[in-house]
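Chain by chain, the residues:
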Amino acid sequence: MKLIETRELSEFRSEVRAWLEKNAPRDTRPREGPGMRAFDMAWQRTQFEGGWAGISWPAEYGGRGLPLTHQLVWHEEYSRAGAPSSGNMFVALSHAGPTLIIQGTEAQRKNHLRRILKGEVTWCQGFSEPGAGSDLGSLKTRAVVDGDSLIVNGSKIWTTYAPGSDFQELLLRTDPEAQKHRGLSWVIADMRAPGIEIRPIRAMSGITHFAQVFYDNVRIPLSNVVGGLNNGWKVAMTTLGFERGTGMIAHQIELSRIVETLVRMARELDAPSGAGCAIDDGAIAAELATLRAEVAALRSMSAMTISRNMHEAVPGAHGNLVALHFGELTRRVHLFALQLLGPLGLERHTSFGEWPLEYLECFKWAIGGGTTEIRRNTIGERLLGLPKGAQP
Amino acid sequence: MIADLLPTEEQAAIRDSIAGLSAKIFPVARLHEPAAFGAGAETGAWQSLAELGLFGLGLAEDDGGVGYSIAEEVTAARELGRFLVSPLVLATMLAVHVARGEVQAALRNGTQCAAFANPLRPVDFVAGGLADVQLLDAQGAKFAVLWNDSQCALFSIADHGKIVEAIDETVTLTRATLDLSSPIAVVSGAALARRAGLLLAAYLAGIAEATLEMAVEYAKIRVQFGQPIGAFQAIKHYCADMALRAEAAVSQTFYATIDSVAQGDENLFEMACARLVAANAAVENGRYNVQIHGGMGFTYEADAHMFLKRALLVSAINSGARQEQARIIASAGPA
């Protein structure tokens, strides 16, 4: 345990802070639709032009080639500045890009990485299926080799930001004879290819940001397979490792900012008794203090994960601890916000913000990318070495 | 702040030497023998601890110490928690930073020790007067250390007071009175409150880790319904939650430690978060460790209850969840 905030890093921090202060978008990010996608891409473009895209990505593909520590400083300052989430750029920046850097061919990297950093393209994920959610290994969407192409048939679901996406990281069954996890391939799909149909799905919050995607004899060149044919499970675990490791840091730091917002709100709102401010209420103060401590610990767990990643190239199962804590904690924080607001917590739009929507939306962190139950299984089996049970 | 929270080479060496010594002379099973109660085993091995440099770890070399920082003391405290080493050791590690001259040298070289004084109500050093305190494992100690957010003081104790039966019977608890107007040494400010809080948080984090490991080991070997109970999701998920709490406790304690080194000020926010999170982790993991051990866990014969009791005791030393929450909410928040 030691401080590594070197002078160089502090200077980098000041530089980042100054740039973000000047350039972070001040307009409200649209909640859905083409306007939202255009907003996210424009903001990415601005970052690229400012020289801030892909801080830890190799310089030859448009990144800065800086160590993870700089990436972390960037995330800290990004959150501090209240800059918008990467949104439509998330899968490209936090899944596809890092996966291509490690597993992609030279041609794949050349073709995609720079375009991602420039905000020219957006990506979506295609792992889950209607019959393969938590049991991802049982996915059935088939791809058959035909000459120098794969022919894809089947369906993917929970594909966030599918409408408008240019590419998809697609996990396909390429060997129907092989054992569950063996016969899969991780493939780059062009979302504009003939035979792809997108049907939007409305989430419980009322917002439509994900979809079911159907594939009817979709032809994908074999050169789009990443990490080798039938090696998709390993590649997918690399992808999810990034999400569970460093990919979510921005959101975790964001949660700390949300709790600080709640502290400020508790100083403005009336106490439930009507006498004094909400923060003078003992139970409210105690819960707020606990949330402050828990998000501080979440940030420290992120720092611990980053520390491990500084010593090993590919993230391990520890990232699941952070993701599990985040998934549970974000719901507690957002439910507390509604309780703090009292009757105002019932209104979707108030001067305090859109807290009911935020609460309903935050459930995705306990379900998407692996439910909290699957994460607990992974922690139990991979981190603690507990025996696998009879398949649930 | 950017920190590498993994142990440095030196910290790993400190961890290994404390753990190695503790496994040999402080195995948790010692606490089945009343002779080991009240720091019995520790006072017998006090010189070995002093020779390891434990009481001078964070003291400057000019003061005869090893010249490390709080980070190395925290590293050691975490291991002491894993073996339920007497709080007398932690208190002495703190007291050397209050004492001066001969007393400091005696504490450092292991000829004297200091015990925690746990006040029954908040103390006011300015107003002075008498303070009713509990002393922890003070039978062999000539000194007691007591602090609040504005001052840390060392007292000479002649009368150890009356023994009261403690929730953790392996620690000797006595009721005594300290005269606040006559400490033998004083350090003003919040720096030692922070140091004390970090040491206690690290000890509690160690308990959270040890109970996780015990529970996981048991879940791997205890067979019911034809398979190890750890294969059942109900048990596996308890263990995963224990791992999360232990990771939270260690990470936050280490982060707060580095924060205290980095920030010259006396901001107690990160330390208070560490104490709250680590106390919760130690007590909850202690509880789930008992639960996962089932009927055996409820017996006196098993080790599980010892960790739970020690977790409750140490999380209540000179603070508690309510006090830490109050401190956290009164603070300006994270930097």
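Draft legend 1. Molecular detail of the overall build of chain B. Of regular secondary structure, chain B possesses 12 helices and 10 strands. A compact globule built from 335 residues would reach a C-alpha radius of gyration of about 20 Å, and chain B, at 19 Å, matches this within 12%. Each principal axis of the C-alpha distribution contributes one length, and for chain B these read about 65 × 45 × 35 Å. Across the 335 residues in chain B, those meeting the buried criterion constitute 57%. Taking the intrachain contacts of chain B between residues at least 6 apart in sequence as the baseline, contacts between residues at least 24 apart amount to 72%.

Draft legend 2. Structural context of the interface of chain A and chain B. With 44 residues of chain A at the contact, the number on the chain B side is 44 residues. Looking at the side of chain A that touches chain B, the elements that each hand over two or more residues are strand S1 (2–3), helix H3 (68–80), helix H7 (249–268), helix H8 (282–311), helix H9 (319–341) and helix H12 (372–383) of chain A. The dominant element in the side of chain A that touches chain B, judged by the number of residues it contributes, is H8(A), at 18 residues. Its residues assigned to classes, the side of chain A that touches chain B shows 26 nonpolar, 10 polar and 8 charged.

Draft legend 3. Expanded view of H7(A). Residues and elements named next belong to chain A. Across its 20 residues, H7 extends 30 Å between first and last C-alpha, which sits within 8% of the 28 Å expected from 1.5 Å per residue. Buried within H7 we find Ile249, Gln252, Ile253, Leu255, Ser256, Val259, Leu262, Val263, Met265 and Ala266. Looking at the buried residues of H7, the elements they touch are H3, H8 and H9.

Draft legend 4. Structural context of the packing of helix H7 (residues 191–221) of chain B against helix H8 (residues 233–262) of chain B. All names here are of chain B. Put simply, H7 and H8 touch, their axes get as near as 9 Å, and they point 160° apart. When the axis of H7 is compared with that of H8, the two are roughly antiparallel. H8 is crossed by H7, and the crossing has left-handed handedness. The residue makeup of the contact of H7 with H8, split by class, is 18 nonpolar, 4 polar and 3 charged.

Draft legend 5. Fine view of the nonpolar core. Judged by nonpolar contacts, the single largest core of 178 residues is most densely connected at B:Ala144, B:Val145 and B:Leu204. With near-sequence residues (within four places) excluded, B:Leu204 lies in contact with B:Gly81, B:Ala249, B:Ala278, B:Ala279, B:Ala281, B:Ala282, B:Ala311, B:Val314 and B:Ser315. Ranked by size, the runner-up nonpolar core spans 46 residues in total, among them A:Tyr61, A:Ala96, A:Val152 and A:Ile188.

Draft legend 6. Spatial organisation of the environment of B:Glu213. Residue and element names in this part refer to chain B. In this structure, Glu213 sits in helix H7. Look at Glu213 and you get partly exposed, because 16 C-beta atoms sit within 10 Å. Residues Glu213 and Trp147 lie 66 residues apart in sequence; the distance between their C-alpha atoms is 33 Å.

Draft legend 7. Structural view of the packing of helix H9 (residues 269–292) of chain B against helix H12 (residues 321–330) of chain B. Residues and elements named next belong to chain B. Here H9 crosses H12 at 150°, and the two axes come no closer than 9 Å. As judged from the angle between their axes, H9 and H12 are roughly antiparallel. Seen along the crossing, H9 lies across H12 with a hand that is left-handed. Between H9 and H12, the contacting residues are Phe269, Ala272, Cys273, Arg275, Leu276 and Ala279 on the first element and Ala321, Glu324, Gln325, Arg327 and Ile328 on the second. Among the residues making up the contact of H9 with H12, the classes are represented as 7 nonpolar, 1 polar and 3 charged.

Draft legend 8. Representation of the environment of B:Thr43. Among the secondary structure elements, B:Thr43 is positioned in helix H2 (residues 40–44). In sequence terms B:Thr43 and B:Gly189 are 146 residues apart; their C-alpha atoms lie 31 Å from each other.

Draft legend 9. Fine view of the pairing of strand S3 (residues 130–136) of chain B. All names here are of chain B. For S3, the tally of buried residues reaches 5 of 7 residues, placing the bulk of the element in the interior. In this sheet, S3 lies alongside strand S2 (residues 114–119) in antiparallel orientation, the contact comprising 3 bridges. Each residue of the ladder has a partner; that of Ala117, found in S3, is Leu135.

Draft legend 10. Expanded view of the domain arrangement of chain A. Residue and element names in this part refer to chain A. Parsing chain A into structural domains produces domain 1 (7–85), domain 2 (124–230) and domain 3 (245–383). Once you take the C-alpha centre of each, domain 2 and domain 3 turn out to be 31 Å apart. Taken together, the contacts link 5 residues of domain 2 with 6 residues of domain 3. Partitioning the side of domain 2 that touches domain 3 into residue classes produces 3 nonpolar, 2 polar and no charged.

Draft legend 11. Focus on the sheet that holds strand S6 (residues 162–164) of chain B. Residue and element names in this part refer to chain B. In spatial order, the strands read S6-S7-S3-S2-S4-S5-S8; together these 7 strands make up an open sheet with mixed pairing. Each edge of the sheet is formed by a strand with only one pairing partner; in this case those strands are S6 and strand S8 (185–188). Geometrically, the sheet is characterised by an average inter-axis angle of 35° between neighbouring strands, direction not taken into account. Both strand S4 (residues 143–147) and strand S5 (residues 151–156) contribute to a ladder of 5 bridges, which runs antiparallel. Following the sheet pairing, Val145 is matched in S5 by Leu154.

Definitions and cut-offs
Residues numbered from 1 in each chain as written. Chains lettered and ligands numbered in written order. Predicted model: local features only at pLDDT ≥ 70, side-chain atom pairs only at ≥ 80, totals over all residues. Helix = DSSP H or I, 4+ residues; strand = E, 2+ residues; numbered from the N terminus. Rg over C-alpha atoms; globule rule 2.2 N^0.38 Å. Buried ≥ 20, exposed ≤ 12 C-beta atoms within 10 Å, placed from the backbone. Contact = placed C-beta atoms within 7 Å. Nonpolar A, V, L, I, M, F, W, Y, C, P; charged D, E, K, R; others polar. Expected span 1.5 Å × (residues − 1). Axes fitted to C-alpha atoms, helices over the stretch in contact; angles between N-to-C directions. Parallel < 35°, antiparallel > 145°, perpendicular 65-115°, else oblique. Left-handed = near helix turned anticlockwise from the far one by under 90°. Core = buried A, V, L, I, M, F, W, Y, C linked by C-beta atoms within 7 Å. Pairing = 2+ DSSP bridges. Domains from an automatic or database assignment.

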